[in-house]
Every structure is written in structure tokens, then in C-alpha cells.
Amino acid sequence: MKFGEKVRELRKKCGMTQAELAKKAGLGLKTITNYEGGSTYPQNREVYATLAEILGCEADYLRSENEEFIAMAQREYGYRGKKGAEKLVEELTGLFAGGEMAEEDMDEMMLAIQEAYVIAKKNNKKYTPKKYRRSTGGGE
């Protein structure tokens, strides 16, 4: 479930309108509408904490770091990058399942592995055949 869907679902469970949530969070109605519509995400991580407090959940539940990571991989590396990122997230989630590692440590480890994935993709770009490279508009 994406960030906007989570916000909408929790808001409705709390019996709030978008306007009420916006006012409590100190945000504009259009911002909440955009969040729920999936067209934007909070730019500031503190917004996740504020919304989580109002909606009665953990900020980590609202954060869509895995979804953002997959979207970034698709933007930067196309379909193959997206599929690789999805596989990485799936395998790492399985790795952490049932473990005894603290939630914060799991998040940090996941972020570190995601960073390593991006670095590896950048470093290996020179080995990608030209027909599979995404054009950045500046020529190669």
C-alpha cells in the first residue's frame, strides 16, 4: 500500500475529513489531497511523524522508503533497474523476517544496502550496452 492510500485509510478510520487532517497537521488542504492522490510525498521527514501522531500509527508505517527506492531505480535505470530494486527489497524483507534485529537497525541496514545498489548501478553503467542505456538528454 502506498503512502497516500495509508493516509486516506487511517484518516477515514479516525473519522476525519481531509480539511480536518490538514488543519491538525498544519498543512494545506491541497497538500493532503495531493498526498492521498499519490501525486506528491512529504519533502520533510518530520511531516511523517506529525501525520503518524495524528493518525495513531508509527511514522515508519507511513514512510514509503522502499516504494521511493523502487521509483528512483525506475527513473534512473528503467525497467531493469526497477525489477532489480524490487527483487532486492523482496529478498531483504525475507532476510529480516522473524529476526531479532531492532527495527531502527533494520531500517538503517536497508537504506545502506539500497545506497550500495545505486552506487553499483552507477559504477556498472559503463558496462551496459548502449541500446539498454537511458538517454539523459546530454548525449553520451
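It should be emphasised that the depicted structure is a prediction, and the values quoted were computed from it without experimental measurement. (Residues numbered from 1 in each chain as written. Predicted model: local features only at pLDDT ≥ 70, side-chain atom pairs only at ≥ 80, totals over all residues. Heavy atoms only, no water.)

For the rest of this paragraph, the subject is the packing of helix α2 (residues 18–25) against helix α4 (residues 45–55). Look at α2 against α4: their axes get within 10 Å of each other, and the N-to-C directions meet at 120°. With respect to α4, the axis of α2 lies oblique. α2 and α4 meet at a crossing whose hand is right-handed. For the pair α2 and α4, contact is made by Leu21, Lys24 and Ala25 and by Thr50, Leu51, Ile54 and Leu55, respectively. Considering only residue class, the contact of α2 with α4 consists of five nonpolar, one polar and one charged. (Axes fitted to C-alpha atoms, helices over the stretch in contact; angles between N-to-C directions. Helix = DSSP H or I, 4+ residues; strand = E, 2+ residues; numbered from the N terminus. Parallel < 35°, antiparallel > 145°, perpendicular 65-115°, else oblique. Left-handed = near helix turned anticlockwise from the far one by under 90°. Contact = heavy atoms within 4.5 Å. Nonpolar A, V, L, I, M, F, W, Y, C, P; charged D, E, K, R; others polar.)

Counting across every chain of the model gives five salt bridges. Note that Glu86 is salt-bridged to Lys83, the shortest N-O span being 3.2 Å. Pair noted here: Glu86 and Lys83 are both in helix α6 (residues 65–96), with a separation of three residues, about one helical turn. Note on Glu86: relative accessible area 25%, which makes it partly exposed. Each of Arg8, Arg11 and Glu36 takes part in a single network of salt bridges with overlapping partners. (Salt bridge = Lys/Arg side-chain N within 4 Å of Asp/Glu carboxyl O. Buried < 20%, exposed > 50% of the residue type's maximum accessible area, 1.4 Å probe, protein only.)

Turning our attention to the confidence of the model for the protein. Averaged over the protein, the pLDDT score is 82; the fraction of residues at 70 or greater is 81%. When mean pLDDT is taken per element in the protein, α2 scores highest with 96 and α6 scores lowest with 79. (pLDDT = per-residue confidence, 0-100.)

So, about the packing of aromatic side chains. Within the structure shown, the criterion is met by three aromatic pairs. Seen from their ring centres, Phe3 and Tyr41 are 5.8 Å apart, and the 35° between their planes marks the pair as tilted. Taken together, the residues Phe3 in helix α1 (residues 3–13) and Tyr41 in the loop between α3 (29–37) and α4 connect sequence positions 38 residues apart. Judged by its relative accessible area of 27%, Tyr41 is partly exposed. An angle of 70° between the planes, with centres 5.2 Å apart, marks the rings of Phe3 and Tyr48 as edge-to-face. A residue pair is termed long-range when its members are at least 10 positions apart, and Phe3 in helix α1 and Tyr48 in helix α4 qualify at 45 residues. Here the aromatic cluster, defined as three or more aromatic residues joined through ring pairs, consists of Phe3, Tyr35, Tyr41 and Tyr48. (Phe/Tyr/Trp six-rings, centres within 6.5 Å; stacked < 30°, edge-to-face > 60°.)

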